[in-house]
Amino acid sequence: MNFAKQLSVNPGSGVKLSSIDPADTRGMDRDEAAKRHARNVERLTELGSMLWADNRYAMLAVLQGMDTAGKDGTIRRVMSGINPRDCRVVSFKAPSQEELDHDFLWRVHRECPRRGEIGVFNRSHYEDVLIVRVRGLVKKEVWSARYDQINRFEQHLAENGTRIVKFFLHISKAEQKERLEARLADPSKNWKMNPTDLEERKLWDDYQRAYEDAISRCSTAHAPWFIIPADKKWFRDLAVSSIMVEMLEGMDLRYPKAEFDSSKIKVE
């Protein structure tokens, strides 16, 4: 199965999340999916090292989703085998005063991966057309202009050697309810809860519309969006790891040639 082809959003196409089943597994068996995911993790280890050695490109993986969609879990399970030297994870929270004193992309640009590195964004610049829009934190004419600004920003990154992949972890409202209840019942996890999480849940439909617009308007050839059915964690992990492998394998990575003739060197 070509996950990248099947789960990508074609540029210019409209997205209706209600028409996409969050529990879809494309007929895959859980055990086989686990085996394939394990192979993907091994392959990502190899490709991460090759990206570092090649040092011509970077990769930026953006993860977005409703609360409990599994951004942290996806990062933990997909990136587990990558050398920490080759990968850096950035989690974006509410902006600081310093960040608010700059344009909305300033804090994002400075965290983008350098050449040879895989950068992973847990939330991202898309928060500025999501929560900012839903909560009315800025005027509509401000956030509505940001779609084109984001597209130009991502094009700039791509033209300078950064391969961008963006994952929307798509869960159902019913699945979120179960995960929130499980979080409340588990002392090792309920610290993650915040009363505002339930306030955000009340705005579910508004967030779905905001995501639909962001994905529809900002899925491009150089920075595609992938909608990942995420009710089943095992399928979510397989889909993301498969797409990461497919994207890295398409980057023509290679180890640099040694600057000496290895055949003439003898180790005593």
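Residues numbered from 1 in each chain as written. Predicted model: local features only at pLDDT ≥ 70, side-chain atom pairs only at ≥ 80, totals over all residues. Heavy atoms only, no water.

Draft legend 1. The arrangement of unusual backbone geometry in detail. At R26, a residue that is not glycine, the phi angle is positive and equals roughly 55°. You can see R26 is positioned in the loop between α1 (3–7) and α2 (30–54). R26 gets classed as partly exposed once you look at its relative accessible area, which sits at 34%. Positive phi, normally seen in glycine, also occurs at R123, with a value near 70°. Turning to its location among the elements, R123 is positioned in the loop between β3 (118–122) and α6 (131–134). Residue R123 is classed as partly exposed on the basis of its relative accessible area, which comes to 25%. (Helix = DSSP H or I, 4+ residues; strand = E, 2+ residues; numbered from the N terminus. Buried < 20%, exposed > 50% of the residue type's maximum accessible area, 1.4 Å probe, protein only.)

Draft legend 2. Quick look at the packing of aromatic side chains. Within this structure, the stated rule accounts for seven aromatic pairs. Between F168 and Y211, the ring centres sit 4.5 Å apart and the planes meet at 40°, which makes this aromatic pair tilted. Taken together, the positions of F168 in strand β4 (residues 162–170) and Y211 in helix α11 (residues 204–218) put the pair 43 residues apart, joining distant regions of the chain. Residues F168 and Y211 agree in their burial class; the two are buried. Put simply, the rings of F3, W234 and F235 pair up and form one aromatic cluster. Above the ring of F104, the side-chain terminus of R146 is found at 4.5 Å from the ring centroid. (Phe/Tyr/Trp six-rings, centres within 6.5 Å; stacked < 30°, edge-to-face > 60°. Lys NZ or Arg CZ within 6 Å of the ring centre and 35° of its normal.)

Draft legend 3. Representation of the pairing of strand β1 (residues 58–65). Extensive coverage of β1 is indicated by the burial of eight of its eight residues. Where burial is concerned, the two faces of β1 agree: the one with A58, L60, V62 and Q64 and the one with M59, A61, L63 and G65 are both buried. Two elements, β1 and β4, share eight bridges in a ladder whose sense is parallel. By the bridge assignment, M59 is partnered in β4 with R163. Two strands pair when backbone bridges link them, and β1 and β3 are joined in this way by five bridges, in the parallel orientation. Looking at β3, one finds that M59 is bridged to I118. (Pairing = 2+ DSSP bridges.)

Draft legend 4. How the structure looks around the nonpolar core. The biggest cluster of nonpolar side chains holds 75 residues, and the ones touching the most others in it are I118, F167, I228, I243, M244 and L248. The element that contributes the greatest number of residues to this core is helix α12 (residues 233–249), accounting for 10 residues. The contacts of L248, once residues within four sequence positions are left out, are L44, L47, L51, M59, I118 and L253. (Core = buried A, V, L, I, M, F, W, Y, C linked by side-chain atoms within 4.5 Å. Contact = heavy atoms within 4.5 Å.)

Draft legend 5. View of the sheet that holds β1. Spatially, five strands are ordered β2-β3-β1-β4-β5 in an open sheet, and the strand pairing comes out parallel. What marks the edges here is a single partner per strand, and that holds for β2 (87–91) and β5 (225–229). Across this sheet, the average inter-strand angle for adjacent strands is 20°, counted without regard to direction. Two elements, β2 and β3, share five bridges in a ladder whose sense is parallel. Along β3, the bridge assignment pairs V89 with V120. Lying over the sheet, helix α3 (residues 71–78) contacts β1, β2, β3 and β4, oriented at roughly 145° with respect to β1. (Axes fitted to C-alpha atoms, helices over the stretch in contact; angles between N-to-C directions.)

Draft legend 6. Highlighting the pattern of salt bridges. All told, the structure shown has 23 salt bridges when counted by the stated rule. Residues R107 and E99 are paired through a salt bridge, measuring 3.4 Å at the closest nitrogen-oxygen approach. Taking the relative accessible area as the measure of exposure, R107 reaches 8% and is therefore buried. You can call E99 buried: its relative accessible area is 17%. Two residues, R209 and D206, come together in a salt bridge whose shortest N-O distance is 2.4 Å. Highlighted residues: R209 and D206, both in helix α11, separated by three residues, approximately one helical turn. Judged by relative accessible area, which is 42%, R209 ranks as partly exposed. (Salt bridge = Lys/Arg side-chain N within 4 Å of Asp/Glu carboxyl O.)

Taken by themselves, the reported measurements are silent on function.
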